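# Breakdown of the fold
Okay, here's what each chain looks like letter by letter:
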Amino acid sequence: MFSILDEKVYKYREMGRTDIVDFGKADPDHPTPDSIVKRLQETAADPENHHYPAFRGSLFLRQHIAKYYKERFGVDVNPETEVLALLGSKEGLFHISLAYLQRGDIGLVPDPSFPAYNDGVFFAGGDILRMPLTKQNGYLPDLDALTAEQRKRAKILFLNYPNNPTGVLAPPAYMKKAIQFCTDNEILLCYDHAYAETYFDGNKPKSLLEFEGGKAAGVEFFTFSKSFNMAGWRLGAAVGNEEVINSLLVVQSHINSGIFAPIQFAGVEALEHVTHTDFLDQQRAEYQRRRDYAVKKFQEIGWDVHKPEATVYLWVPVPKGSTSMDFANLLLDDYSVVVAPGTAFGETGEGYVRISLTTEYVNVEKGIDRICAAIVKLAGVTTH
Ligand SMILES: Cc1ncc(COP(=O)(O)O)c(C=O)c1O
């Protein structure tokens, strides 16, 4: 789906259309902070760092991840046994199913969601049970809807809050319920915390590990990609339950051979120094400014769009009579705006497109104005 739109964007650019606004990518537009780049450069020059790295990640990085978890979330994790460095969180989110699922086991996958959960269960030979996230259920999987048979067969549940693509946070009561549900039914809870630092209005998301029973129930996936504008660097971590970390490590060690040491030093720089500057606040303020512009414009045309509490996304209903893909195509063909069709994240995404606010404010203004114009034209809503 993305590739069809990508090809079109490429073709249109070749044809000289220079004014395309890209809301399709989940890749932060601002550069990685200088000090992180510098740390990479310095450490890359040292031959000591040119060898195969440790499978778990360097103890130095793991200690800094543990320190960050203590400072940011107030939780204790043992850097020796409860932290595993990843080549980006995506690979861990995919491989965890290989570590936990046998053929015929069920993987519980929210729909819509980041595709790696679904794909991991599929490649592990598990049965995918998709759990709809709808406006009606607050974009929270309905755990009570599972039958006794499904609970018995389910071995893994993926949750991701702040949520891609809907932009919602999970209320603490829901997190407690999910932990209890997983504990009672012996289901591994995989908590994707990619947007831990991308929140608005001071609404700090909590870690799974802050909740009672959270560490016993599962593991959290953390990434440097979004918080520190390091999407291309490929650095993340699994944090939590020692047994889960060990199982994931076994799978990893068959597939990867660790992360280039200078990238791990760069991660240390991010956690040790950048978190103690105003960088994260500035990032949040910029994304919030973009979000506020978009939400205001949708309100002005009377279009019902959830105001995201976090992430860089808006989950926008498409006008009646259009599918997600139709609307995404129309926006690109006639309005020069790229969005992700909701169905790229699962069938429940039909009827929505995802806007990613990872482009400069002037582009956000331009792109959102064009989308609003398209909605007004198609849906006949009136501007206030
Ligand atoms: C919810 C979610 N989880 C994980 C990832 C992957 O992040 P990483 O770059 O760490 O692989 C993304 C990237 O878009 C994401 O949106």
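Residues numbered from 1 in each chain as written. Predicted model: local features only at pLDDT ≥ 70, side-chain atom pairs only at ≥ 80, totals over all residues. Heavy atoms only, no water.

### Brief notes about the sheet that holds strand β3 (residues 106-111)
- Taken in spatial order, the seven strands line up as β2-β8-β7-β6-β5-β3-β4 in an open sheet, and their pairing is mixed. Each edge of the open sheet is held by one strand with a lone partner, namely β2 (83-86) and β4 (127-132). Between one strand axis and the next, the sheet turns by 20° as a mean value, whatever way the strands run.
- In the sheet, strand β7 (residues 218-223) pairs with strand β8 (residues 236-240) via five bridges, with the strands oriented antiparallel. Looking across to β8, one finds that F221 is bridged to A238.
- Lying over the sheet, helix α9 (residues 242-255) contacts β2, β6 (188-192), β7 and β8, oriented at roughly 30° with respect to β2. (Pairing = 2+ DSSP bridges. Helix = DSSP H or I, 4+ residues; strand = E, 2+ residues; numbered from the N terminus. Axes fitted to C-alpha atoms, helices over the stretch in contact; angles between N-to-C directions. Contact = heavy atoms within 4.5 Å.)

### Quick word on empty space enclosed by the protein
- Per the counting criterion, the structure on display carries three cavities of 30 Å³ or more.
- By volume, the largest cavity is sized at about 60 Å³.
- As for the largest cavity, its lining consists of F55, A85, L86, L87, E91, Q252, N256, G258 and I259.
- A class-by-class count of the residues in the lining of the largest cavity yields five nonpolar, three polar and one charged. (1 Å grid on protein atoms, 1.4 Å probe; cavity = no way out; pocket = protein on both sides within 12 Å on 5 of 7 lines; lining within 4 Å. Points joined across faces, edges and corners; volume = space filled by probe spheres on them. Nonpolar A, V, L, I, M, F, W, Y, C, P; charged D, E, K, R; others polar.)

### Observations concerning the packing of aromatic side chains
- In the structure shown here, the tally under the stated rule is 16 aromatic pairs.
- Measuring from ring centre to ring centre gives 6.0 Å for F114 and Y117, while their planes differ by 65°; the resulting arrangement is edge-to-face.
- On the accessibility criterion, Y117 (1% relative accessible area) is buried.
- Taken together, the ring pairs connect Y68, Y69, F73, F222, F224 and F228 into an aromatic cluster.
- Looking at R17, its charged tip hangs above the ring of Y12, at a distance of 4.0 Å from the centre.
- When the ring centre of Y361 is taken as reference, the NZ or CZ atom of R289 above it lies at 3.8 Å. (Phe/Tyr/Trp six-rings, centres within 6.5 Å; stacked < 30°, edge-to-face > 60°. Buried < 20%, exposed > 50% of the residue type's maximum accessible area, 1.4 Å probe, protein only. Lys NZ or Arg CZ within 6 Å of the ring centre and 35° of its normal.)

### Considering the domain arrangement of the protein chain
- Considered domain by domain, the protein chain is made up of domain 1 (2-26 + 278-378) and domain 2 (34-276).
- Domain 1 and domain 2 are separated by 27 Å when their C-alpha centres are compared.
- With 26 residues of domain 1 at the contact, the number on the domain 2 side is 30 residues.
- Interface area, domain 1 with domain 2, both sides summed: about 2,600 Å², of which 55% is carbon and sulfur.
- Put simply, domain 1 and domain 2 have three salt bridges between them.
- Along the contact surface separating domain 1 from domain 2 lie 18 residue pairs in polar contact (both at pLDDT 80 or more).
- Of all elements in the fold, only α11 (279-300), β9 (313-317) and β12 (352-356) reach the threshold of two or more residues within the side of domain 1 that touches domain 2.
- With seven residues, α11 is the largest single contributor of residues to the side of domain 1 that touches domain 2.
- Among the residues making up the side of domain 1 that touches domain 2, the classes are represented as 13 nonpolar, seven polar and six charged. (Domains from an automatic or database assignment. Buried area = accessible area lost by both parts, 1.4 Å probe. Salt bridge = Lys/Arg side-chain N within 4 Å of Asp/Glu carboxyl O. Polar contact = N/O pair within 3.5 Å; in protein donor to acceptor, adjacent residues only side chain to side chain.)

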